[in-house]
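# Structural description and commentary
Residue-level listing of the chains:
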Amino acid sequence: MNRIALFGGTFDPIHNGHINLAKTAVKECNLDELVFVPNYISPFKQGSSVTPGTKRAEMIREILPTDNAFRLSSYELERARPSYTYDTLCHFRSQMEEAEIAFIIGFDSVLTVDKWYHGEDILREFPLITGVRPHVATDEGFRRIEAYREKYGSRIHVLNLKPFDASSTEIRRRIRSKESVDGLIAPEVEAYIERNKLYRVE
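Residues numbered from 1 in each chain as written. Predicted model: local features only at pLDDT ≥ 70, side-chain atom pairs only at ≥ 80, totals over all residues. Heavy atoms only, no water.

### Points about the packing of aromatic side chains
- Per the counting criterion, the structure on display carries ten aromatic pairs.
- For the pair F36 and F70, a centre-to-centre distance of 5.2 Å together with 85° between the ring planes defines the contact as edge-to-face. Remark: F70 occurs in strand 3 (residues 70–72) and F36 occurs in strand 2 (residues 33–38); sequence separation between them is 34 residues. Exposure class is identical for F36 and F70. Each is buried.
- Here F103 and W116 contribute two aromatic rings whose centre-to-centre distance is 6.4 Å and whose plane-to-plane angle is 75°, an arrangement assigned as edge-to-face. (Phe/Tyr/Trp six-rings, centres within 6.5 Å; stacked < 30°, edge-to-face > 60°. Helix = DSSP H or I, 4+ residues; strand = E, 2+ residues; numbered from the N terminus. Buried < 20%, exposed > 50% of the residue type's maximum accessible area, 1.4 Å probe, protein only.)

### Observations concerning the side chain of S73
- On the secondary structure map, S73 appears in the loop between strand 3 and helix 3 (75–79).
- A polar atom in the side chain of S73 sits 3.1 Å from the backbone nitrogen of Y75. (Polar contact = N/O pair within 3.5 Å; in protein donor to acceptor, adjacent residues only side chain to side chain.)

### Quick notes on helix 7 (residues 138–152)
- With 15 residues, helix 7 extends 21 Å from end C-alpha to end C-alpha; this agrees with the ideal 21 Å at 1.5 Å per step.
- Taken together, the buried positions of helix 7 are G141, I145, Y148 and Y152. The arc enclosing the buried residues of helix 7, seen along the axis, measures out at 75°, which places them on a common side. Relative to its buried face, helix 7 has exposed residues pointing more than 90 degrees away, namely D139, R143, E150 and K151.
- On its buried side, helix 7 packs onto helix 5 (107–110), helix 6 (119–125), strand 5 (128–131) and strand 6 (156–159).
- Once helix 7 ends, the next one or two residues include G153, with phi positive near 70°. (Expected span 1.5 Å × (residues − 1). Arc of directions from axis to C-beta. Contact = heavy atoms within 4.5 Å.)

### Thoughts on the packing of helix 2 (residues 53–63) against helix 9 (residues 187–196)
- For the pair helix 2 and helix 9, interaxial distance at closest approach is 8 Å and the crossing angle is 145°. Crossing of helix 2 over helix 9 shows right-handed handedness. Along the contact surface, helix 2 presents K55, E58, M59, E62 and I63, while helix 9 presents E188, V189, Y192, I193, R195 and N196.
- A per-class count over the contact of helix 2 with helix 9 returns five nonpolar, one polar and five charged. (Axes fitted to C-alpha atoms, helices over the stretch in contact; angles between N-to-C directions. Left-handed = near helix turned anticlockwise from the far one by under 90°. Nonpolar A, V, L, I, M, F, W, Y, C, P; charged D, E, K, R; others polar.)

Next up, the structure:
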């Protein structure tokens with residue numbers, strides 16, 4: 001059975017924290033494929049200033065050659081409406097019946113996943129992969145993980161990786177302020193941002 005993990009997010013832009021987490025997941029969880037699934041966010045959402053989905057997907061495409069397991073799916077972008085994680089997972093499961101579908105989740109989200117739409121079903125039906133993030137209460141997170149395992153039989157793998165202390169928000173701010181982003185994003189992504197003049201004004 002192939003092992004496939006979905007990695008959803010805004011990826012605005014994809015940064016080295018995302019890539020490190022993804023590569024570690026491939027290695028530690030013996031994944032055959034890791035599929036980046038950029039979220040759809042309405043351009044008309046009040047208070048939102050999000051890069052168009054096509055450009056966020058193209059930035060991800062720039063880093064796909066760095067790992068043979070990396071893939072990109074435009075499934076949520078093409079739906080052109082917000083998608084629930086559970087529905088996306090069920091879609092991929094229906095398309096890949098011979099595969100085990102896992103979901104990569106931020107450590108902060110571990111605290112609340114049981115409250116998501118069909119969150120309890122996610123915990124019962126799909127393996128989860130997570131990694132510790134800076135400034136997140138790890139003790140509470142590990143307590144929640146043990147509670148999920150006991151209550152739902154959840155299969156949750158916590159990756160052994162170094163925390164990456166920068167966010168896409170901080171990277172956009174640095175680019176807007178003409179500050180260095182060395183070590184924060186891949187050179188291919190930085191070149192794409194420069195070519196397309198992204199993040200200069202928000």
